[in-house]
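# Descriptive analysis of the structure
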There are 4 protein chains.
Amino acid sequence: MKAAVQQSVPLAQAYAAIRAHSVALAAPLSAEDAGVQSMPDASPVKWHLAHTNWFFETVVLSQVPGYRPFDSRFAYLFNSYYEALGPRHPRPRRGLITRPSLDQVYAWRAHVDAAMAGAFDDESLQDAILLGLHHEQQHQELILTDIKHAFFSNPLLPTYCAAAPAPHAITPLDRISLPGGVSLIGHDGGGFAFDNESPRHQVLLQPFRIASRPVSNSEYKAFIADGGYRRAEFWLSDGWARVQEEAWEAPLYWLKDNDGTESVFTLSGVQPLDPNAPVEHVSFFEAAAYAAWAKVRLPTEFEWETAAPLFAHGAVWEWTRSSYDPYPGFKAFEGIAAEYNGKFMVGQVVLRGGSVATPPGHIRSTYRNFFPPATRWQFSGIRLAEDI
Amino acid sequence: MKAAVQQSVPLAQAYAAIRAHSVALAAPLSAEDAGVQSMPDASPVKWHLAHTNWFFETVVLSQVPGYRPFDSRFAYLFNSYYEALGPRHPRPRRGLITRPSLDQVYAWRAHVDAAMAGAFDDESLQDAILLGLHHEQQHQELILTDIKHAFFSNPLLPTYCAAAPAPHAITPLDRISLPGGVSLIGHDGGGFAFDNESPRHQVLLQPFRIASRPVSNSEYKAFIADGGYRRAEFWLSDGWARVQEEAWEAPLYWLKDNDGTESVFTLSGVQPLDPNAPVEHVSFFEAAAYAAWAKVRLPTEFEWETAAPLFAHGAVWEWTRSSYDPYPGFKAFEGIAAEYNGKFMVGQVVLRGGSVATPPGHIRSTYRNFFPPATRWQFSGIRLAEDI
Amino acid sequence: MKAAVQQSVPLAQAYAAIRAHSVALAAPLSAEDAGVQSMPDASPVKWHLAHTNWFFETVVLSQVPGYRPFDSRFAYLFNSYYEALGPRHPRPRRGLITRPSLDQVYAWRAHVDAAMAGAFDDESLQDAILLGLHHEQQHQELILTDIKHAFFSNPLLPTYCAAAPAPHAITPLDRISLPGGVSLIGHDGGGFAFDNESPRHQVLLQPFRIASRPVSNSEYKAFIADGGYRRAEFWLSDGWARVQEEAWEAPLYWLKDNDGTESVFTLSGVQPLDPNAPVEHVSFFEAAAYAAWAKVRLPTEFEWETAAPLFAHGAVWEWTRSSYDPYPGFKAFEGIAAEYNGKFMVGQVVLRGGSVATPPGHIRSTYRNFFPPATRWQFSGIRLAEDI
Amino acid sequence: MKAAVQQSVPLAQAYAAIRAHSVALAAPLSAEDAGVQSMPDASPVKWHLAHTNWFFETVVLSQVPGYRPFDSRFAYLFNSYYEALGPRHPRPRRGLITRPSLDQVYAWRAHVDAAMAGAFDDESLQDAILLGLHHEQQHQELILTDIKHAFFSNPLLPTYCAAAPAPHAITPLDRISLPGGVSLIGHDGGGFAFDNESPRHQVLLQPFRIASRPVSNSEYKAFIADGGYRRAEFWLSDGWARVQEEAWEAPLYWLKDNDGTESVFTLSGVQPLDPNAPVEHVSFFEAAAYAAWAKVRLPTEFEWETAAPLFAHGAVWEWTRSSYDPYPGFKAFEGIAAEYNGKFMVGQVVLRGGSVATPPGHIRSTYRNFFPPATRWQFSGIRLAEDI
C-alpha cells in the first residue's frame, strides 16, 4: 500500500505533464483549425482533446463515487470505437461537431482534471490511469498527423509551427549482422505495456542483416528516378492497384515546383526536401516496393525487436514485414479496454519504433504500432533487412 | 447621367443594408459553427460570406482602376462554379478551409466595402453591383438552410436563434379558378431580374384551379398515415427509388419521440410540429407524390405565375410541375455572369415564391428558383392545382 | 362489332409479323451473346425476348379464361419495373439468368403465341394487344442498341451483321423557317399512341428556323477540332462534369487508329467514319454543347413536332431542348399500364423522330422518346434550330 | 536424363487426366451457364477453361519452337493478373466475353493439347508443365465455387449435379494435445510445391490442443442461436462492420423457409441442412467470431501443419489465425510465375487443408491457400484450437 502511495506522486505528476502536453499541442491552432476533419481516417484536434478526456471519465472516474459527468451527452459524441459502450457518433462525421466549442472542451478537461486529483491515491485505479495516460500519448501523435493532413488539404498550406527542422547530416549506412536463433519477443512486464505486446515468448530467427538507419530521401529519390512508381514488378498486387487508382508518384506531402524542384509539406510549412532525412509518409506498399527494388526486404517485427538495441530509432515509424497477428497466448485487457487492440488484429501491418511526433517516453522496443498497408499520413518510413 | 447619380444614392444604401444583413445572419455563430460543411450540397457560412465578397471583387472591383485584391489566393478558394475564371477549390472540400479565419473574412469584407464606396457613382458598374446584391441575397437564404442542416447533423441539435415561431392559425383552403388562355410570362423589364426570367413571352394555358395556400403539416400527416411513403403508386420512379435508398418516412427534420409525438427541428431548436404551418423541407418527389395521393397535381410554373396575384406566397418555396428549361429566346447574361443560370437548365425542377428564409425584397412572381428533384434541405413546400 | 372482327384479322397478322421480327433480330446471336448484359442500363437480348413475352402473358392472357402460364416463376424474373405487380429480379442482375435457357424462352414464346391465337377476336383485349405490340417494337430497338453495346464491350469487337451500310451522299443543309403561332401538339386519336402523347393541345410558338437534316459526322468533327470537348463554355454544368469524369472526347463508338484515322464501331463491325452520315450516339449534353458552339440551339419538342412534315427524319433520334414533362391534362393508361410512361416524367429529356434501329411503322411525329441527358448508347443525334 | 524421360510418361498421363477433368467439370453446363460472372471475385467457367489453356500456351508452348498460338488476341482476353505480360481484360468484365464461344474455347484447348504432345519429353519444360497442371487444378476448384455462386444468383436456383451428398454421421470431437517445441514447417522438396510453401524452416510452438474435426453445422447453429451475429463482443472490428453492412445472419447459402426450417443451397440444389456436416462458406471473420464465442481460438498455420498427420482433413478449407506472410527466406518462382503467389502476401489470411471441391491429389499438408478475411464463397470452414 505504502509503495502504491509513493508511486502515486509520480503518477499525478505524469498525469499533469501529459495532459498539459496535449493542450500545448493544440495551442497554435484556432478553434476553426481544431474543428476540421480532412478525411475519415483523421479526426479533428478538438475531438482528440475530447476523446482522451472521455477516456479518463469512462475508465477511471466512472469508478469514483460521487463523480458527476460534465455533460452526459458527450459519451455519445466522443466514444471512438467501443461497441460495449453503445452507439456513438459516426467517425466520418466528427468534423461536424461544432458544439461543444473548443472552449467547452477545455472546460470539460479542467473538470476532469479536478476530479482526477482525488484518484491517484486509489491503488485500484492506477492501472486504469496509466492506460489513460498512454492512450492520451497515442492521440498526441495523432493530433500532429491529423492537423498536418488538414493543413495540407487547404490550398493555402498553413504553418503549424514556425521553426523548420535542422537539416540532417549524412549518415553512413551499415548493415548489422545478427546470428538468428531463439529470441525473446514481447514485453517483460516491467512498466506499462499494451496487451498486444504480450505474452513474452520465444521466436526462432534465421541469420539476417538489418540496416543501421532508415532509408533517406535521396535514396528513395533513386527509386523514383528508376521508375519505381511505374514498374509493377516491385509491387504487391494491392499496392500496384493503389498506385494507379490514386496516381501515386512520390511519398505523401512531396511537392514539385514548376521547374521540377522537390519540396515537402511539413508542420513548418513547405520546406526544401532534405536529402539526408529519413523518407517519411510512405505506405507499407511503398516500403515493400522500395525493398524489392533494392533487392532486399523489410525486417519482420521479430527481427526488428531483436536488433533494436543495436541501432537508433524514433525518427520515423518503420514498416515491418509482419502482419498484425496476436502473439501466442494473447489475452486482451479486461473490461472496456478489451476492445483496445485485439479486435484490429487482421488486415493491418506492424510498424515499430516511433517518430518525431511520438511523445517523449512513449517509445519502447516492444511497442507494436499497426496500420492498414496503404496508410501514408503517419510519419512512417523504411528500414531494410536481408537474409544472410 | 444625372439620373444615374441620383440612383446611386439608394444603391449605396441598398449595398450597405444587404451587406450588413449577411453579417447579421452570421452573428449567432461561432467561428467553429461558421466553418462547418455538413454535406457537399451545403457550404460553410464563412464560405458564403467570402464567396459573396469574392463576387463583388470579381464582377465590380476588378473594373475599378487601382483596386488591389485583399489576397490574390482567395480567387481560387472562393470561386463557386465559374469555369471561365479557371480552376477552383473543390466544392465538397469547402469545410476544410480553416484559413483564412472568420475574422480574416470579415476584414476582407471591410476591405471590399471600403473600395466599393467609390464605385456607386460609376454608371457603368451599376448593373454589376445590382447583380452582386441579388447574388448576396440568394446566399443569405443559403446561409440559413445550410446552418440548419449543419446543426441538424450535430447530435446536440444546437439552436440558431432563441425565438420560436408563433403558431399558425387555421387557414381555410380555397381553390381559385382561372380561365386559361394566353398568359404573359416572364419579367417585364422594370427593376432587376435574373436572365432566366426573360424574355417575357406568351404561353397558352388551359383552365385550371389552384389552391389558395400551401399544404399544411396536418394535411401532409394524413398522407403519411395513409401509407404515403410505402405505396409506390403515388411516386415517380426516381422518387420511389430514393424513398427506399434513404428510408424516407417523413419530411426532412421531422422527429418522432419514443411515444410517437411528432416534433420538428427548426432554427429555434426542436419544436412541436405546428399542424397549421405549411409543410416544408419536402422534395419535388414528395410534393408530386402528395399531389397524386390527393388525386390532383402540382401547378406548372406558368400557372403559378399567372395566378400569383391571387394568393399569398412567401412562406415556403413551392415546387411546380415544370422542369427548368430556357424560355423561348433565352439569352444568358454577358461576361462572367453568363454562367449564372443557363448552364443549370437540365435535370432540375422550378420552384416559385419564396420562404421565411428569403431576404425581404427578394421575392417576385417571375422569380425562378430551381433544385434537383430530390432536394429537401431548402424551405420547400407544396401548392396544389388541378384541371377544370 | 363487325368492324372490330374485321380489324382483328390485321391484328393477328401484325402480331405474327412483329413477334417474328423479334426472333429474327436475335437470329445472328448465340445463346451466349443473347445472355450478356454489358451495363445496368442495357439488358440481355434473351431478357428482351422474355420480357416482351411476359408482357403479353400479363396484360392479355391473364384475362383469357383457362390460360395457364408457362412457368409461374417467370413473372418474377421478367417483370421490368411494374411495382404494382410485386417484387422482381434486380435490373443490374439480368445478365445472371442463364436459366431459363434461350431455347426455353423460345418455347415460352411459342406457348404464348399459341394462346394468343384465340385472343384476337375478343374485342375487349384489342387495346391490350395493340399495346403489347407497340411495347415489343420498343424492345426491338433496344435489342439492337443493347447488343451493340455488349459487342463493343468485348475486345474482339464482334460483328452482328455482315452488310455494312452504304455511304451517305452529301446533303445540303437548309434552314426551314416557320412563323410560330398556335400549334396543335399531341396525338389526334387516330390509331395507336402512348398515353404520354396526349391530350392533344395548343401551344404558342415564336417564329423559328429548323435544319432540314441532322448534323453530320463531318460537321461534328469540326466541333471536336475546335476544342469542343475541352472548352467548358459550350457545356451545361452537369454535362461538363460528365465530360471530365468519363473523359469524353468524341461520340460513343468512335475509335481512333494509331495514325489518327477515325473509324466507328457499328453493328457491322468497325467501319470508316462516314463524313456525311448523321452523327449518332451523342448525349443530350453533347447535342446542346454542339448547338452552343454553332451559336444556335436545339428545337423544343413542340417546334420539332410542328415542323416534322417539312423534313425527313428517322435516321437518328433527335434530342430536343424539352424536358420530359406531362402534357396539360395528361392521364396515364389505366391498370397495369399506368406505370408505362408517367412515372418517368422527371429528369429526362425528350427525343423525337426515330432511328435506323426503330422498327418499320413505329415512327410517328407525335412520339415522345425520352432518356436521361447523359445517355449515349441509343442511336441519338442532333438537329439544330434557332430564333428568327 | 533417363530418369527424366521415364518421368515424362506419367506427366503426359497426368496432363491428359487433369485436362479431361476440367472439361468434365464443365459438362453439366450450357454455354450460357459457362459464360456468366456473378461477381467480380468469381469468373465464368468458360474463362477458367480458357485461362488455364492460356497458361500452358504462355508458360510452356511459347518455349516450343514453331508453336503458333491459336488466336493471338486471346493473350489479352485470358491473362488473369500477370503484369509482366502487359495489359489485360479487366477482371469484373470477364462475363462480357461472349466471343470466343465455349465451342471455340474447346477447340483452342484441343489445339493446345495437340501441341503439348511434343512437349513432355523436353526435360527443360517439365517444371513449367507441372506448374501448369497444379494451376489448372486450382482453377478446377474455382469452377465449382464460381458456378455455385452463379447459380445461387439466379432466383430459379438451378442444380449443377443431381446426386445429393450423403448425410454425415455424428463424429465425436476430440481435442488433440501437442507439446509444442521446434517444428519443421514448409515443403521438403519431394514432389511439386508452390513457392509460397518454401523454404522449409523451423518454428517454435507453444503447447496447444487442436480439434479432431471441423465445427459442424449443428454446433454453428448454437452460435447463431446465442446471438452470434448480433453481439459485437465476438467479432474483429472489420468483421463486425461487414456483418452490419451486408446483414449477415448465417453462413452464405443458408436459406430459411417461411416456417423457419433451415436448408442450404448446394451444387445439388436446395438441400436440408445436415447437422453433422462441417459448417462451410464462412468467412475468416465468422470463424474467428465462432472461436471467440466458444472461448477458444483458431490454430496458427504452423500449429495446423504440425498437427495435420493426426486428424482427417479435406472436407472444408480451414481458416487459420495466420496472416499470409512470406516464410523466412522466401524466393518467388522465376520468370512469369514470379507473380504467382508472392505479390498477394498482404491483407489475406491462410487456409489449410482442402475441400470437397479440391481435385484429388491436390491436397497436401504444406499447402497454403489464402483469401481476404471476408471471403465466403469458397468451401471454407472452422477448426478450433486452444492453449494448454
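In this text, all values refer to a predicted model and were calculated from it rather than measured experimentally. (Residues numbered from 1 in each chain as written. Chains lettered and ligands numbered in written order. Predicted model: local features only at pLDDT ≥ 70, side-chain atom pairs only at ≥ 80, totals over all residues. Heavy atoms only, no water.)

## Overview of the sheet that holds strand β11 (residues 380–381) of chain A
All names here are of chain A.
- Within the open sheet, the four strands sit side by side as β10-β9-β8-β11. Their pairing is mixed. If you trace the sheet from one side to the other, it starts and ends with β10 (369–371) and β11, each paired once.
- Relative to strand β9 (residues 349–353), strand β8 (residues 317–323) is paired through four bridges, and the arrangement is antiparallel. Residue pairing in the sheet places W317 in a bridge with G353 of β9. (Pairing = 2+ DSSP bridges. Helix = DSSP H or I, 4+ residues; strand = E, 2+ residues; numbered from the N terminus.)

## Focus on the relation of the copies chain B and chain A
- In screw terms, the move from chain B to chain A is a rotation of 180° and a rise of 0.0 Å along the axis, fitting with an RMSD of 0.0 Å. This pairing of chains is accounted for by a two-fold axis. Identified as the residue of chain B closest to the rotation axis by C-alpha distance is E32 of chain B, at 2.5 Å.
- Interface overlap between copies: 100% of the residues of chain B at the interface are likewise at the interface in chain A, consistent with a symmetric, same-surface contact. (Least-squares fit on C-alpha atoms with pLDDT ≥ 70 in both. Contact = heavy atoms within 4.5 Å.)

## With respect to the interface of chain B and chain C
- Contacts between chain B and chain C engage 31 residues on the former and 31 residues on the latter.
- In this assembly, chain B packs against chain C so that about 2,200 Å² is buried in total across both faces, 56% of it on carbon and sulfur atoms.
- The three residues of chain B that bury the most area against chain C are L204, R321 and V346 of chain B, which together make up 25% of that side's buried surface.
- Linking chain B to chain C there are four salt bridges.
- D325 of chain C is paired through a salt bridge with R321 of chain B; the nearest N and O atoms lie 3.7 Å apart.
- Our count for the chain B to chain C interface comes out at eight residue pairs in polar contact (both at pLDDT 80 or more).
- Contributions of two or more residues to the side of chain B that touches chain C are made by β3 (201–205), α8 (237–245), α9 (284–293) and β8 (317–323) of chain B. (Buried area = accessible area lost by both parts, 1.4 Å probe. Salt bridge = Lys/Arg side-chain N within 4 Å of Asp/Glu carboxyl O. Polar contact = N/O pair within 3.5 Å; in protein donor to acceptor, adjacent residues only side chain to side chain.)

## Considerations on the interface of chain B and chain A
- Taken together, the contact pairs 29 residues of chain B with 29 residues of chain A.
- Contact with chain A buries area across many residues of chain B, yet E32, R99 and L156 of chain B alone supply 32% of it, more than any other trio.
- In this assembly, chain B and chain A are joined by four salt bridges.
- Of the charged contacts, one joins E32 of chain A and K46 of chain B as a salt bridge, the two residues approaching to 2.5 Å between their closest N and O atoms.
- The tally of links between chain B and chain A comes to ten residue pairs in polar contact (both at pLDDT 80 or more).
- Going through the elements one at a time, α2 (31–35) and α4 (74–78) of chain B are the ones with two or more residues in the side of chain B that touches chain A.
- Residue composition of the side of chain B that touches chain A, by class: 14 nonpolar, nine polar and six charged. (Nonpolar A, V, L, I, M, F, W, Y, C, P; charged D, E, K, R; others polar.)

## Focus on the domain arrangement of chain A
Residues and elements named next belong to chain A.
- By domain assignment, chain A separates into domain 1 (11–152) and domain 2 (175–387).
- Domain 1 and domain 2 are separated by 27 Å when their C-alpha centres are compared.
- Taken together, the contacts link 27 residues of domain 1 with 29 residues of domain 2.
- Buried surface at the junction of domain 1 and domain 2, summed over both partners, amounts to about 2,600 Å²; 68% is from carbon and sulfur atoms. (Domains from an automatic or database assignment.)

## Examining the pattern of salt bridges
All names here are of chain B.
- For the coordinates displayed, the defined rule picks out 100 salt bridges over all chains.
- The salt bridge involving E136 is made with R109; its shortest N-O contact spans 2.7 Å. Pair noted here: E136 is in helix α6 (residues 126–152) and R109 is in helix α5 (residues 102–116), with a separation of 27 residues, a long-range link.
- As a salt-bridge pair, E197 and R364 come within 2.6 Å of each other at their nearest N and O atoms. Separated by 167 residues along the polypeptide, E197 in the loop between β2 (181–185) and β3 and R364 in the loop between β9 (349–353) and β10 (369–371) bring together distant segments of the chain.
- By relative accessible area, E197 is classed as buried at 0%. (Buried < 20%, exposed > 50% of the residue type's maximum accessible area, 1.4 Å probe, protein only.)

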